[in-house]
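Single-letter residue listing:
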Amino acid sequence: MDLVEAILLSIVTASTPLLLAASGELIAERAGVLNLGVEGMMLIGAVCGFAGAWTTGSTAIGALCGIVAGIALAALFAAAAIGLAINQVAAGLALTILGTGLAGLIGAPLVGESITAAPHLSLPWFTDLPLIGKLLFGQDTLVYLSIGLIAAIAYVLARTRTGLILRAVGDDPASAHALGYNVAAIRTLAVLFGGGCAGLAGAYLTLAYTPFYAPGMTAGRGWIALALVVFASWRPGRLVAGAALFGAVSILQLHAQAFGLGVPSQLMSALPYLATVPVLVLISRVRRGGSVAPAALGTAFVPER
Amino acid sequence: MSLVLERRSERSVAIALASPLLAITLTLLTLAIVFAALGKNPATALAVYFITPLTDGYSLQEIAVKASPLVMIAVGLALCYRANAWNIGAEGQLLIGAIAGSGLAVVTHGTNPGPWLLPAMLLAGALAGAGYALIPALCKVRFGASEILISLMLVYVAGLLLDYLVRGPWRDPAGFNFPTTAEFDPAATLPLLIGGSRVHAGLILTLIAVAAAAVLLGRTLKGFEIRVVGTAPRAARFAGFNGDRLVLTTFAISGALAGLAGIIEVAGPIGHLQPDISPGYGFTAIIVAFLGRLNPLGILASGLFLALTFIGGEQAQIALKLPQDMTGVIQGILLFYVLACDSLILYRVRWGGPQGKALHGPR
């Protein structure tokens, strides 16, 4: 029983950064912007979140620093990809290269330092319930925040006027523009939101997942978050399932070691990336009848007179 | 009222020519500010990165050695990007090429196999790189899956496979437990062009690749097809050009070149297989391709420039105590400016209110 509980708990922890980053990217992509810079924004969020918490001793300020850092990088991407209509694929890669470099630069003096990890919720009686107690009532704040966030996103996209406008901008920017909506401004806001989420996802790694900073500690989670958005067919509900699934795959290596399976650790570490390939293929096959991606995803929109 | 882009009626030739230089100038100005913010003298720091490496023979040779893989990979990527096929995983193709070629060196170690070994290693590297690149290409063509994400995921897979091999089955038993294979035999090592230096025969292969790509793009029907499919997909369909087959072809070529660059690095400057054989050549080559305007000769020049940032970065570590990550910052800033300046070739920036229609497809 204890083992099942431990596995479930670690799945939640491993899924949370994926869910946070993918939630933000989902909004950006629904607005028609493909930002491949998630990995870079996560890394900078991780290092700035750590730096904030290390200086002030406060997890909340650390998380805030991570969010602000993610937004700052996303603003750079928005200026390039929306302001100057630069190819989004290339601009996103530039963002990841820059973010990785900046994170290394900022983080160099922080390697080897440590902080106290984000506190976990502890309710008398509830948290002590067998099996589900710690799972439902014993997580850190950011886990609850990420679930609240994706619920809010699902509601806004499906039920509100804001969601409708956002989807219109992603599906048919020309019509949205003709109706009088400022496509560039809406897309920019969506990208900044995505940056904030990616920054928070990175900060989760240093503030809650491991209470220290190591270079390159996102280890490709940003790319997996991008794949998750495709996996979820741009739907918030499926995103939760996808994040849990990939979280489970990525913690498999820890427990495989514990069971003493004679599998090379590198193979276990490669599993999330290996799993992504057939998943992307299957998803593309299933939707062969018609793409479910936002129709204008990845295309620049330049109003002409 | 805000800044808006206005499409130029024709491409600005003046800006097209000045654009890479403008991008480099803006990068240098931005870096001066960054260095000042880091508490370093901007003039000294810029000199360490961009001038000192040009002043002694050893650094110049090192620039050539570093530029070689960058140019070779970027030439292949340029073919892909011109055809609107987004191979982002050249780093993984490089690693697989290095692994495949090294496999031959490891198996034949100490057996004195003869002169066929080195060509066989290079061929194995190129074929493995091409095969690895065909995975995302096939997934895209057959199933419509994102070649960007799949080629990227395979980078991590290749890196972990390399790690497994050099720590496990291929580890040198006499290597004091270091994760590396034994030093390659002379028959498995690339000959040097200049004795006593690190300048190796791979440079010639790079120059051949540049020349071949220039001829392919400029003088052949296939090159014309690549250009048409990339710039006018609809016209290409009317002309009967097969876009899917072109994705496969360009991915295979770029993968082969990346794999070749990988085995050349291992059989040349490094001399054995180890966990880190590339400082991100596959990713930096993307910048090289764009800075070189997706043109083989331009790539030759931009490859030398990006190699300069690597060597400058190594010197700055010693002279300025700046971490190696500064090189990534420089490269990221440079790519942003390169792309931004290219945007000015197509658009004019002015103040005004927005109105108009959509522009379809990534440029």
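Scroll up to find the structure.
Residues numbered from 1 in each chain as written. Chains lettered and ligands numbered in written order. Predicted model: local features only at pLDDT ≥ 70, side-chain atom pairs only at ≥ 80, totals over all residues. Heavy atoms only, no water.

Enquirer: Help me understand the interface of chain B and chain A, please; the structure alone is not making it clear to me.
Expert: Opposite the 52 residues of chain B that make contact, chain A presents 54 residues. Buried surface at the junction of chain B and chain A, summed over both partners, amounts to about 4,700 Å²; 76% is from carbon and sulfur atoms. Of all residues in chain B, Phe143, Met153 and Phe336 of chain B bury the most surface against chain A, accounting for 15% of the area lost on that side. At the boundary of chain B and chain A, one finds zero salt bridges. In this structure, the connection of chain B to chain A is made through two residue pairs in polar contact (both at pLDDT 80 or more). Elements with a minimum of two residues in the side of chain B that touches chain A: β1 (2-7), α5 (117-143), α6 (147-167), α11 (281-291), α13 (325-346) and β2 (347-352) of chain B. (Contact = heavy atoms within 4.5 Å. Buried area = accessible area lost by both parts, 1.4 Å probe. Salt bridge = Lys/Arg side-chain N within 4 Å of Asp/Glu carboxyl O. Polar contact = N/O pair within 3.5 Å; in protein donor to acceptor, adjacent residues only side chain to side chain. Helix = DSSP H or I, 4+ residues; strand = E, 2+ residues; numbered from the N terminus.)

Enquirer: I keep staring at the pattern of salt bridges and nothing clicks. Help me out?
Expert: Any two side chains of opposite charge can pair, given that their charged atoms come close. All names here are of chain B. Throughout the structure, instances matching the rule amount to six salt bridges over all chains. The partner of Glu225 in a salt bridge is Lys222, and the shortest N-O contact between them spans 3.7 Å. Highlighted residues: Glu225 and Lys222, both in helix α8 (residues 221-231), separated by three residues, approximately one helical turn. Judged by relative accessible area, Glu225 falls into the buried class, the value being 8%. For the salt bridge of Asp342 with Arg293, the shortest nitrogen-to-oxygen distance reads 2.6 Å. Of the two residues, Asp342 sits in helix α13 while Arg293 sits in the loop between α11 and α12 (296-319), which places them 49 residues apart along the sequence. The exposure class assigned to Arg293 is partly exposed, which follows from its relative accessible area of 28%. (Buried < 20%, exposed > 50% of the residue type's maximum accessible area, 1.4 Å probe, protein only.)

Enquirer: Explain helix α4 (residues 88-107) of chain A here, please?
Expert: The periodicity of an α-helix, 3.6 residues per turn, causes residues three or four positions apart to be oriented the same way. Residue and element names in this part refer to chain A. Between the first and last C-alpha of α4 there are 28 Å, a value that for 20 residues agrees with the 28 Å anticipated at 1.5 Å per step. Here α4 lies mainly inside the structure; 17 of its 20 residues are buried. A side-chain oxygen of the first residue of α4 lies 2.8 Å from the backbone nitrogen of Val89; this N-cap is Asn87. (Expected span 1.5 Å × (residues − 1).)

Enquirer: How should the nonpolar core be read in this particular structure?
Expert: Residues and elements named next belong to chain B. Within the largest apolar cluster, 199 residues are counted, with the highest numbers of intra-cluster contacts made by Ile73, Tyr81, Ile88, Met121, Phe290 and Met326. The residues contacting Met121, other than those within four sequence positions of it, are Gly101, Leu104, Ala105, Phe184, Ala188, Ile263 and Ala267. Grouped together as the second largest cluster of nonpolar side chains are 10 residues, Leu217, Val228, Phe241 and Leu246 included. (Core = buried A, V, L, I, M, F, W, Y, C linked by side-chain atoms within 4.5 Å.)

Enquirer: What am I meant to see in the packing of helix α4 (residues 90-107) of chain B against helix α10 (residues 243-270) of chain B here?
Expert: All names here are of chain B. It is the contact of α4 with α10, at a shortest axis distance of 7 Å, that shows an interaxial angle of 55°. Here α4 is positioned oblique relative to α10, judged by the angle of their axes. For the pair α4 and α10, the crossing hand works out as right-handed. Counting all contacts with α4, which are made through Ala90, Gln93, Leu94, Gly97, Ala98, Gly101 and Ser102, the residues of α10 involved are Ser254, Gly255, Ala258, Gly259, Gly262, Ile263 and Val266. Counted by class, the contact of α4 with α10 contains six nonpolar, eight polar and no charged residues. (Axes fitted to C-alpha atoms, helices over the stretch in contact; angles between N-to-C directions. Parallel < 35°, antiparallel > 145°, perpendicular 65-115°, else oblique. Left-handed = near helix turned anticlockwise from the far one by under 90°. Nonpolar A, V, L, I, M, F, W, Y, C, P; charged D, E, K, R; others polar.)

Enquirer: Would you explain the packing of helix α1 (residues 2-30) of chain A against helix α9 (residues 183-209) of chain A in this entry?
Expert: The description of two helices packed together rests on the angle between their axes and the distance between the axes. Residue and element names in this part refer to chain A. Packing of α1 against α9 leaves a shortest axis separation of 6 Å and a crossing angle of 170°. Of the possible angle classes, the one that applies to α1 and α9 is roughly antiparallel. Contact residues: Thr13, Ala14, Thr16, Pro17, Leu20, Ala21, Ser23, Gly24, Glu25, Ile27 and Ala28 in α1; Ala190, Val191, Phe193, Gly194, Cys197, Ala198, Leu200, Ala201, Tyr204, Leu205 and Tyr209 in α9. A breakdown of the residues in the contact of α1 with α9 according to their chemical character gives 16 nonpolar, five polar and one charged.

Enquirer: Even after reading the chapter, I still don't get the packing of aromatic side chains, so can you show me in this structure?
Expert: In the structure shown here, the tally under the stated rule is 10 aromatic pairs over all chains. Arranged with centres 6.2 Å apart and planes meeting at 75°, the rings of Phe231 of chain A and Phe246 of chain A form a pair that is edge-to-face. Residue Phe231 of chain A is located in helix α10 (residues 221-231), and its partner Phe246 of chain A is located in helix α11 (residues 236-259); the two are separated by 15 residues in the primary sequence. Between Tyr273 of chain A and Tyr156 of chain B, the aromatic rings sit 4.6 Å apart at their centres with planes inclined by 10°, giving stacked as the arrangement. Linking Tyr273 of chain A in helix α12 (residues 265-286) with Tyr156 of chain B in helix α6, this pair reaches from one chain into another. The class of Tyr273 of chain A is buried, set by a relative accessible area of 8%. Aromatic rings pair up to connect Phe35, Tyr49, Phe50 and Phe305 of chain B into one cluster. The cationic tip of Arg221 of chain A hangs over the ring face of Tyr209 of chain A; the distance from NZ or CZ to the ring centre is 5.0 Å. (Phe/Tyr/Trp six-rings, centres within 6.5 Å; stacked < 30°, edge-to-face > 60°. Lys NZ or Arg CZ within 6 Å of the ring centre and 35° of its normal.)

Enquirer: Help me out: how do you make sense of empty space enclosed by the protein in this one?
Expert: The rolling of a water-molecule-sized probe over the atoms marks out the regions of remaining empty space. Residues and elements named next belong to chain A. Applying the stated criterion across every chain yields a total of two cavities of 30 Å³ or more. Volume-wise, the largest cavity comes out at about 60 Å³. Mapped by element, the contributors of at least two residues to the lining of the largest cavity are α3 (59-83) and α9. Examining the composition of the lining of the largest cavity, we find that three residues originate from one element, α9, more than from any other. (1 Å grid on protein atoms, 1.4 Å probe; cavity = no way out; pocket = protein on both sides within 12 Å on 5 of 7 lines; lining within 4 Å. Points joined across faces, edges and corners; volume = space filled by probe spheres on them.)

Enquirer: Looking at this structure, how should I read the side chain of Gln266 of chain A?
Expert: Within the secondary structure, Gln266 of chain A is located in helix α12. According to the relative accessible area criterion, Gln266 of chain A is buried, its value standing at 10%. Polar contacts involving the side chain of Gln266 of chain A include one to the side chain of Asp163 of chain B, which spans 3.0 Å. The contacts of Gln266 of chain A, once residues within four sequence positions are left out, are Leu160, Asp163, Tyr164 and Arg167 of chain B.

None of this, on its own, says anything about what the molecule does.
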